Amino acid sequence: MRKKSLLFIASVLVLLSACKQPGKVSKEQAEKISVSWKLVSNFIEPEGSFEAKFTLKNGSDFTLDGKNWALFFNMSPRPIQSNKTPQPAVIEHINGDWYKMVAAKDFTLRPDDSIEITYTGTEGVVKETDAPMGLYFVFYDNEGKETSIVQVADFTVEPFTTKEQILRGKMDLKQVPTPETRFNDNLAFSLIDQSQLLKIIPSPVKMLAGAGTFNVTSGTGIFYEAGLENEARYLTQKLKTLMGSELSVKAGAPDASPAIVLKKAQFQVNGVGKEAYKLGIGAKGVTITGSDAAGVFYGVQSLLQLAPTAAYQKPASTLAFGFVQVEDAPRFQFRSLHLDVARNFQTKESVKRVIDLLATYKVNHFLFYTTEDEGWRVEIDGLPELTEVGAQRQHISGMDFPGLQPGYGSGPVAYDKDKHGSGFYTKADFIEILKYAKERHIKVIPELNFPGHALAAIKSMEARYARLMKEGKEKEANEYRLIDPDDKSVYLSAQAYKNNVVSVARESTYHFFEKVVDEMAKMYKEAGLTMDTFHTGGDEVAEGAWTKSPMAAQLIKDNPEIGSAKNLQAYFFRRLLPKLEKRNLKVHGWEEVALTKTPAGAYLANKEFVGHPVVPYIWNNVYDVDLGNRLANAGYQVVLCNVTNFYFDMSYGNDPKEPGLYWAGFVDTRDNWLFSPFNMFTTTEETSMGKPMKEEFVGKEKLRPDARKNVLGVEAQLWSETIKGRGMMEYSILPKLMGFAESAWAPERAWETVEDPVSRKKMTQAGWNIFANTIARKDIPRMKYLNGGYNYRLPMPGAKIEQGMLYANIELPGLDIRYTTDGSEPTMQSALYKAPVQVSGTVKIKSFDLAGSSSRTSELIAK
């Protein structure tokens, strides 16, 4: 999976050779320079700004002056403002989320001294995950040459505790999160009887429980029809985990003995004939009938959900299943998760664990996002630089160097331990992932995001160009080059990149795209699959791109119908589409692939590609609230990825210790569940700042009834700017995936068609309360054991103390609340909260599930 490149080895040699240079700072001494960072306030002028400060304390034996050092770091990208008051050093933005602190000429920091550097920037900062990360010093000699690089060993982020730190300024209408505000929010939720819990998530179309129980024992056989070997094998493996023994598996029909039978037949459920299943459990055993193999597989998943929760915790020799008849089929044929492994890498094993989760909740597509500005993650035959250069991040001498800069705290050294900036999948790895997904009836959709978000590809191909030019092979060097070397365009992308857009005027850009597509198709073929869908990205091309490119200017001159640089993205897709159609590919992309820009920069639906196999994915329901409706009404099949409902990387809430992004607001499991695809305005509740959205929908275009058929499905997104490693990835997915699955598979819920907001709110409140109880008491505890156990989030309890009495509650009823009054951390052995109780001193409370996992701690003081 990991292969160290010549570039990385060369950088190590440079650092080693620096040891012999005079004036070099030793690692031991440099690590004695401590750094702390504090968010001062988001309540400064102009509105929407923040103030922060660094404190440097020099514990070393040498003096830092105005030119012998710089401090590099990553930070959630924000424009830095000019200092109103001169500072000892300034913060400079380099590219993307890469910044550096540069000393003023008269800067001096002697041993044992400390110094503060204050700066301001745009956009409020409310999360500890926004703070600087991956800090390292670069030291220079008198000529300005780098002599050594040392990572900061002592770095502290001061906690966010005040309103000025937790809210984003006066325009932020959200509450400061406290145990008391959580308590008030949780009053809407209540514990329900066990009999009211959902038996299967996502909810089936029809389910009728009977009287009686069928026991699966080691003597129960599994019988399957031809073509269902994969499903029988999968069921056998899962039951072995629950029972501790392996059941016999045979092809064909069973004898008279009770058994588990897997078979296929032609039928429809709720008008759907694909992926449908019928599950019957009675005295004669279990019968799962699918309209196809996928339907059988989903029937297996429902059977496994009906198994006792205790069996997931400890294998049982006998599994008791209540008699039941289930008929089920999906609401949407396209149910997907997008996983970004480019910004922060995830191992092959971690990806396979996500695929297992998707299978459990009947998600059947996986958009595997492997190319971005910050990394290229799949080996491509014939283009070794894509992984030798594009798959690793390290310190580079500047943004124009043919290598990838540090990003998201990855630090100055490629493949550094416990960092996630470097790594890639070999061809064998990628093929293994494809096969693994296929066995679970999940289609993996590959992606190449052009023309923006392309820095890793650009840097890789520039390294290739330099190598071949050095070898005197000019023709070969230009074969896959992606830039106009004379382009002087000035722009800043959504993630603050200045150089991440390919040249759409170069034929070699299209040749590169075709090369990658063809090599991907070969890997699918090796996996026994046909690649029939490809995602072309196409989002967030920065305003100003191509405006000062001589090649682009010549292209527009030769093709005056283009008009201006604003229309070059549409030109790119127009050129690319027939090349992909020729390969019999359905072409998916972000919403921009089906849009054009007005001179003022507004987006309009571009009907040019209606009738072609083009599927735009719509994420933007906050800045362009009816965009999904407009494109579906225009005739496009669309995939809805609404950021306010389905972005798993959006933080669960505004607690500063809760990781994640929040540019579109905060998204929790209820938001994933609360989605009306044909009436989205009713389930888009507030802006990112907490302002009700009702006024935003006045005069906006609604989805026409005849366009409902154009909603192909829904997709959840996990972008990985803040996702570091497997644990954080799983925490961001669970339990959100459960709510998303209900929106993706379950039949239309009654409240979705209710226009009266008061009645609808009452219905959604009742429905969510049942769902919340169910996942708290059944689904979430199973995650501790499923597939070896997942990391998942439990909410902190709400609490208040009045007249010495502790009152506590929880947003997912059925979780236990435990507390201490001696200042210690609550454990499973701590006092169980059942009713208001007299307390004194420091009170700490946590929520716990049946598996013993816990939330973070809430703390209160009894006065």
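Before going into details, it helps to say that this report is about the structure given with it. (Residues numbered from 1 in each chain as written. Predicted model: local features only at pLDDT ≥ 70, side-chain atom pairs only at ≥ 80, totals over all residues. Heavy atoms only, no water.)

With respect to the overall build of the chain
Scanning the chain from terminus to terminus reveals 21 helices and 37 strands. A compact globule built from 863 residues should have a C-alpha radius of gyration of about 29 Å, and the chain, at 28 Å, falls within 12% of that. Considering only residue pairs separated by 6 or more positions, the chain has 74% of its internal contacts joining residues 24 or more positions apart. Put simply, the chain shows about 33900 Å² of open surface, and 52% of that area lies on carbon and sulfur atoms. (Helix = DSSP H or I, 4+ residues; strand = E, 2+ residues; numbered from the N terminus. Rg over C-alpha atoms; globule rule 2.2 N^0.38 Å. Contact = heavy atoms within 4.5 Å. Areas by Shrake-Rupley, 256 points an atom, 1.4 Å probe, with all protein chains shown as cover.)

As for the packing of aromatic side chains
Per the stated rule, a full pass over the model turns up 43 aromatic pairs. Here Tyr369 and Trp719 contribute two aromatic rings whose centre-to-centre distance is 4.8 Å and whose plane-to-plane angle is 80°, an arrangement assigned as edge-to-face. Taken together, the residues span a long stretch of sequence, with Tyr369 in strand β20 (residues 365-369) and Trp719 in the loop between β30 (711-718) and α19 (725-733) at a distance of 350 residues. Between Tyr647 and Trp663 the ring centres are 6.1 Å apart and the planes differ by 85°, which places this aromatic pair in the edge-to-face class. Taken together, the positions of Tyr647 in the loop between α17 (643-646) and α18 (669-673) and Trp663 in the loop between α17 and α18 put the pair 16 residues apart, joining distant regions of the chain. For Tyr647, a relative accessible area of 3% translates into the label buried. Residue Trp663 is classed as partly exposed on the basis of its relative accessible area, which comes to 34%. The rings of Phe345, Phe366, Phe368, Tyr425, Phe430 and Tyr524 are connected pair by pair, giving a single aromatic cluster. In this arrangement the basic side chain of Arg481 is found over the ring face of Tyr465, its NZ or CZ atom lying 3.6 Å from the centre. Cation over ring: Lys736 sits above Tyr652, and NZ or CZ is 4.2 Å from the ring centre. (Phe/Tyr/Trp six-rings, centres within 6.5 Å; stacked < 30°, edge-to-face > 60°. Buried < 20%, exposed > 50% of the residue type's maximum accessible area, 1.4 Å probe, protein only. Lys NZ or Arg CZ within 6 Å of the ring centre and 35° of its normal.)

Quick look at the packing of helix α5 (residues 229-243) against helix α6 (residues 293-306)
Two quantities define a packed helix pair, namely the angle between the helix axes and the distance between the axes. Running from amino to carboxyl end, α5 crosses α6 at an angle of 10°, the nearest separation of the two axes being 10 Å. As judged from the angle between their axes, α5 and α6 are roughly parallel. Residues Glu231, Tyr234, Leu235, Lys238, Leu239 and Leu242 of α5 form the contact with α6, whose participating residues are Ala293, Val296, Phe297, Val300, Gln301, Leu303 and Leu304. Class assignment of the residues belonging to the contact of α5 with α6 gives a composition of 10 nonpolar, 1 polar and 2 charged. (Axes fitted to C-alpha atoms, helices over the stretch in contact; angles between N-to-C directions. Parallel < 35°, antiparallel > 145°, perpendicular 65-115°, else oblique. Nonpolar A, V, L, I, M, F, W, Y, C, P; charged D, E, K, R; others polar.)

Re the environment of Phe646
With respect to the element layout, Phe646 can be found in helix α17. Measuring from C-alpha to C-alpha, the distance between Phe646 and Thr309 comes to 28 Å, with 337 residues separating the pair along the chain.

Structural notes on the sheet that holds strand β34 (residues 831-832)
Spatial strand order, β34-β33-β36-β37: 4 strands in an open sheet with antiparallel pairing. In this open sheet, the two strands that pair with only one neighbour each are β34 and β37 (858-862). Of the strand pairs in this sheet, strand β33 (residues 816-820) and β34 are connected by 2 bridges, and their pairing is antiparallel. Among the inter-strand pairings, Tyr819 is bridged to a residue of β34, identified as Ala831. (Pairing = 2+ DSSP bridges.)

Topic: helix α15 (residues 568-581)
With 14 residues, α15 should reach 20 Å at 1.5 Å per residue; the first-to-last C-alpha distance of 20 Å fits that figure. Within α15, 10 of the 14 residues are buried, which leaves it mostly tucked inside the rest of the structure. Along α15, the residues that are buried comprise Leu568, Gln569, Ala570, Tyr571, Phe572, Phe573, Leu576, Leu577, Lys579 and Leu580. Here the buried face of α15 lies against α13 (507-526), α14 (550-558), β25 (586-590) and β28 (614-618). (Expected span 1.5 Å × (residues − 1).)

Considering the sheet that holds strand β18 (residues 319-328)
Ordered in space as β12-β18-β16-β17-β15-β13-β14, the 7 strands form an open sheet in which the pairing is mixed. Each edge of the open sheet is held by one strand with a lone partner, namely β12 (206-216) and β14 (249-251). Sheet twist, expressed as the mean angle between neighbouring strand axes with direction ignored, is 20°. Sheet topology note: the strand β16 (residues 277-282)/strand β17 (residues 285-290) ladder contains 6 bridges and is antiparallel. Each bridged residue has a counterpart across the sheet, and for Gly280 the counterpart in β17 is Thr287. Of the strands in this sheet, β12, β15 (259-264), β16, β17 and β18 are in contact with α6, which crosses β16 at around 40°.

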